[in-house]
Amino acid sequence: MKWSKNKKNLSVLFFSVLCGLLCAGCSSTPEFAMPYDRDTGVNAFRFETYATGEVAEPFAAHLAVVAGDETPGEEIAEGSDSYGAAVLFNTKNADTVYTRNAYASLYPASMTKVLTALVALENASPDTILSATENCIFTDNDVQKVGLKVGDRMTLDQALHLLLIYSANDVANLIAENVSESVEEFVDLMNERALKLGATNSHFTNPHGLQDENHYTTAYDMYLIFNEATKLEAFNQIINMSSYSTSWQDAEGESVTFSCDNTNKFIRGTINVPTNITVIGGK
């Protein structure tokens, strides 16, 4: 119904413009003349067939597009390996290989950190020094963290490694507060960036992905976000690492050392990669 209404409005607009042109042509002292000539460069025939005219590239020219579910083979419907939504695309030719519930609204959890990294890399230099505040202190035992304390200092490059390899939630807030004036302002940048990518079925309320009822995305939107992130060499280099060791300074200038393995089981080597597949990284 919405499309029909827009179409009606467009028809009225076109009719109004046409009447205006006809009236101008009927004037006793016309300001301009536009006689029909199929060889002129301004009539409709020439406009539609002019071979050298420039044409804008469609937004999705290099993106895979999902029309509906494609579910070949056996489905995993239950158990610990079940899933609610999935997409698989060939990014070289934008072919859709497999989709299931591509537009279902779901919690992204730590996949949120892909967008966090993208926004950070686009808005700050890797050597930017980050300083931890109270907002970076996470005390819950079931939350993935490196145990930041107020006054801890590290570079953005170190933080991105800990964010993407170890999935540290406290480091996500560290990045957000230092790249923007506040976590809230950084989240605004995240939502703006998502919309620019066409991820219109998403909304983010934090940079780490801890569950919130207003924090959601879709499998297709995550494809758009991840696809953009992989255009950055620094992002690809980090997600391909199986482990990481680093040290930063605390408030007293003492060194804090931390080592971790990649949470991605394919990269870590605890799950075998399928035949003819190369895993460069993920979240």
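Every value quoted in this text rests on a predicted model; they were computed, and no experiment measured them. (Residues numbered from 1 in each chain as written. Predicted model: local features only at pLDDT ≥ 70, side-chain atom pairs only at ≥ 80, totals over all residues. Heavy atoms only, no water.)

**Quick word on the side chain of T246**
Cut-off, in case you're wondering: Each helix is a run of DSSP H or I of at least 4 residues and each strand a run of E of at least 2, with the numbering of both proceeding from the N terminus. Whether a residue is buried, partly exposed or exposed follows from its accessible area with a 1.4 Å probe, protein chains only, as a fraction of its type maximum: under 20%, in between, or over 50%, in that order. In protein, a polar contact means a hydrogen-donor-capable atom and an acceptor-capable atom, both N or O and within 3.5 Å, with residues adjacent in sequence counting only if both atoms are side-chain atoms; elsewhere, any N or O pair within 3.5 Å suffices. The contact criterion used is simple: two residues touch if any of their non-hydrogen atoms lie within 4.5 Å.
In this structure, T246 sits in strand β5 (residues 243-249). Owing to a relative accessible area of 11%, T246 belongs among the buried residues under this scheme. A polar atom in the side chain of T246 sits 3.4 Å from the side chain of Y244. The residues touching T246, leaving out its near neighbours within four places in the chain, are Q158, L162, V256, T257 and F258.

**Examining the pairing of strand β2 (residues 95-100)**
For clarity, the cut-off: Whether two strands pair depends on DSSP finding at least two bridges between them.
Here strand β1 (residues 86-90) runs beside β2; their pairing, made up of five bridges, is antiparallel. Among the inter-strand pairings, V87 is bridged to a residue of β2, identified as T99. Linking β1 back to β2 in an antiparallel pair, the connection comprises four residues, with A94 at a positive phi of about 60°.

**Observations regarding a nonpolar patch on the surface**
For the record, the criterion: Patch membership requires more than 30% relative accessible area and the absence of a salt bridge. Residues of like charge join within 9 Å; the nonpolar side chains Val, Leu, Ile, Met, Phe, Trp and Tyr join within 5 Å. What sets the accessible areas is the Shrake-Rupley method with a 1.4 Å probe; for residues, cover comes only from the shown protein chains. The term salt bridge refers to a pairing of a side-chain nitrogen on Lys or Arg with a carboxyl oxygen on Asp or Glu at a separation within 4 Å.
A contiguous nonpolar surface patch, about 310 Å² in accessible area, is contributed by F266, I271, V273 and I277. Tracing the chain through its elements places I271 in the segment after α9 (265-268).

**Regarding the layout of surface pockets**
Gaps left between atoms show up when a probe the size of a water molecule is rolled over them. Short version of the rule: Only protein atoms enter the 1 Å grid used here. Points where a 1.4 Å probe fits but cannot escape make up a cavity, open sets with protein on both sides within 12 Å along at least five of seven lines make up a pocket, and a residue lines them when an atom lies within 4 Å of a point. Grid points are joined across faces, edges and corners, and a volume is the space filled by probe spheres set on the points. Each residue gets one of three labels, nonpolar for Ala, Val, Leu, Ile, Met, Phe, Trp, Tyr, Cys and Pro, charged for Asp, Glu, Lys and Arg, and polar for the others, Gly among them.
Looking at the largest pocket, its volume works out to about 2,100 Å³. Taken together, 42 residues line the largest pocket, and the ones lying closest to its centre are V87, L88, F226, G281 and G282. Elements supplying a minimum of two residues to the lining of the largest pocket: β1, β2, α7 (219-229) and α9. Taken together, the residues of the lining of the largest pocket break down into 24 nonpolar, 15 polar and three charged.

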